Amino acid sequence: MQRRELLKLFALVPYAGSASLIPWASASAAPPKAEKHDLFKELGVRTFINAAGTFTAMTGSLMHDYVLEAIQSAASEFCMLDEVQDKVGEKIAALVHSEAAVVTSGAFSGMTLGLAGILTGMDQHKVEQLPHLDGTGMKSEVIIQKAHEIVYNHALKNTGCKLIYVETAAEVEQAINERTALLHFLNIEADKGNIKHEEWVALGKKHNIPTSIDIAADVPPVSNLWKFNDMGFSFVVISGGKAIRGPQSAGLLMGKKEIIAAARLHMPPRGFNIGRGFKVNKEEVLGMYVAIDKYIKDDHDKEWKAWEAATAVIDNAAKTVSGVTTSITVPALGNITPTLQIAWDAGKVKLSGKDLQEKLRSGAPSIEIGGIKDNSITVTVWMLKPGQEKIVAGRIKEELMKAVG
Ligand SMILES: *Cc1c(COP(=O)(O)O)cnc(C)c1O
């Protein structure tokens, strides 16, 4: 039925009684079900098969069905935002072995909020002073290992704090002073720094300074959800929308009770703080809760085997092309999933990694790959829908074969 005809018909339905002034309150006058739109098509937004990985620019991950169901059901009722955060926080904290937890708008905001909580404690006046720390008596420095420098550490600077970079334990001890608020650690670069997790935590304990760790992209293994809480970090942040496939605009801040309680002073529904813009509503809070709960119960061995099988399909197709070599590696600390590198002899296969990326991108269906180098690319399968590995395998092989000179 045409939309116009539907509207005409709808206009003819007689409203019975005064309640019908609110037409959707009356069953007989229920509005017609909205047509299902493909908004991507309507707007001309390219969609693609994601063989690259969990990238914010590619909208992260696809939420699990049970997360979508939680969001849908959450959206149909009102509740108090603090109450749902309290109840969900308690459940999540028990699951991840932390004293407390709160759903944030991502790992990045979790870093800002955790540090903000440490700076201000429960002092509302201090909360309102951030990010201007001068003359407030608040601490203002965060110590980080040089090897742990990453763009996302800007989250810590958003509180007004300065980052102090060190390389050795002796330098940490020299750098610590009355302004030191936090010792921050980046798990994904743990192998690059001199100081390892346990020593970092011990340095914090020795000087009575809180320690934090960014594990944004670092499940699997699922045990990382509690490992760093068990180890004694004061707060831990992780993304909700990477391997966990919860809401992309959510994450978790887990840690000591007093830090989480103070961090929440910097969050909605409260304003007059630096975190009012990091809003998560009940949909993300409940979506994150079911995502974590289910992720912990998942059969991770089975998931790993499925990733290996899908990777093998693409690997086997690519390496049939003359001049092509492949290798499968698993990153040690973050984005821990089989990662297939496809490389080729430039003398035999006449295209660059960028050319291949462009050809796959502009093909039908469009495909995104990662790790673009002169004569190699990388592929991961964890963001593929079942069956898409065959399409990716076929397209990569096709384009490589075409380029064999
Ligand atoms: C993805 C990522 C972040 C940012 O996480 P969001 O959940 O998107 O805020 C921070 N740190 C690292 C190491 C990351 O990989």
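Another point: the pairing of strand β3 (residues 141-145). Counting buried positions over the five residues of β3 gives five, a clear majority of the element. Of the two faces of β3, both are covered, the one formed by Glu141, Ile143 and Gln145 as well as the one formed by Val142 and Ile144. As paired elements, β3 and strand β4 (residues 162-166) share five bridges and run parallel to each other. Paired with glutamine 145 across the bridge in β4 is valine 166. Across four bridges, the pairing between β3 and strand β5 (residues 180-186) is parallel. Bridging from a neighbouring strand, glutamate 141 pairs with threonine 180 of β5.

Our next topic: the site of the ligand. In the region of the ligand, the neighbouring residues are Gly106, Ala107, Phe108, Ile150, Tyr152, Leu186, Asp214, Ala216, Ala217, Ser239 and Lys242. Phenylalanine 108 has a polar backbone atom sitting 2.9 Å from an oxygen atom of the ligand. Contact distances for the ligand include 2.9 Å between an oxygen atom and a side-chain N or O atom of lysine 242. Expressed as a share of its isolated accessible area of 390 Å², the protein-covered part of the ligand is 86%. Among the cavities detected, the one that contains the ligand is the largest pocket. Of the residues assigned to the shell around the ligand, the class counts are seven nonpolar, two polar and two charged.

Bringing empty space enclosed by the protein into the picture now. Considering all chains together, one arrives at one cavity of 30 Å³ or more under this definition. In this structure, the largest cavity spans a volume of roughly 50 Å³. Taken together, Leu81, Asp82, Gln85, Arg264, Met267, Pro268, Pro269, Arg270, Phe278 and Val280 make up the full set of residues lining the largest cavity. Across the lining of the largest cavity, the residue classes tally to six nonpolar, one polar and three charged.

What counts, and where the lines are drawn
Residues numbered from 1 in each chain as written. Predicted model: local features only at pLDDT ≥ 70, side-chain atom pairs only at ≥ 80, totals over all residues. Heavy atoms only, no water. Buried < 20%, exposed > 50% of the residue type's maximum accessible area, 1.4 Å probe, protein only. Helix = DSSP H or I, 4+ residues; strand = E, 2+ residues; numbered from the N terminus. Pairing = 2+ DSSP bridges. Near = heavy atom within 4 Å. Polar contact = N/O pair within 3.5 Å; in protein donor to acceptor, adjacent residues only side chain to side chain. Areas by Shrake-Rupley, 256 points an atom, 1.4 Å probe, with all protein chains shown as cover. 1 Å grid on protein atoms, 1.4 Å probe; cavity = no way out; pocket = protein on both sides within 12 Å on 5 of 7 lines; lining within 4 Å. Sits in = over half its atoms within 2 Å of the grid points. Nonpolar A, V, L, I, M, F, W, Y, C, P; charged D, E, K, R; others polar. Points joined across faces, edges and corners; volume = space filled by probe spheres on them.

It is worth stressing that arrangement in space is one thing and function is another; only the former is reported here.
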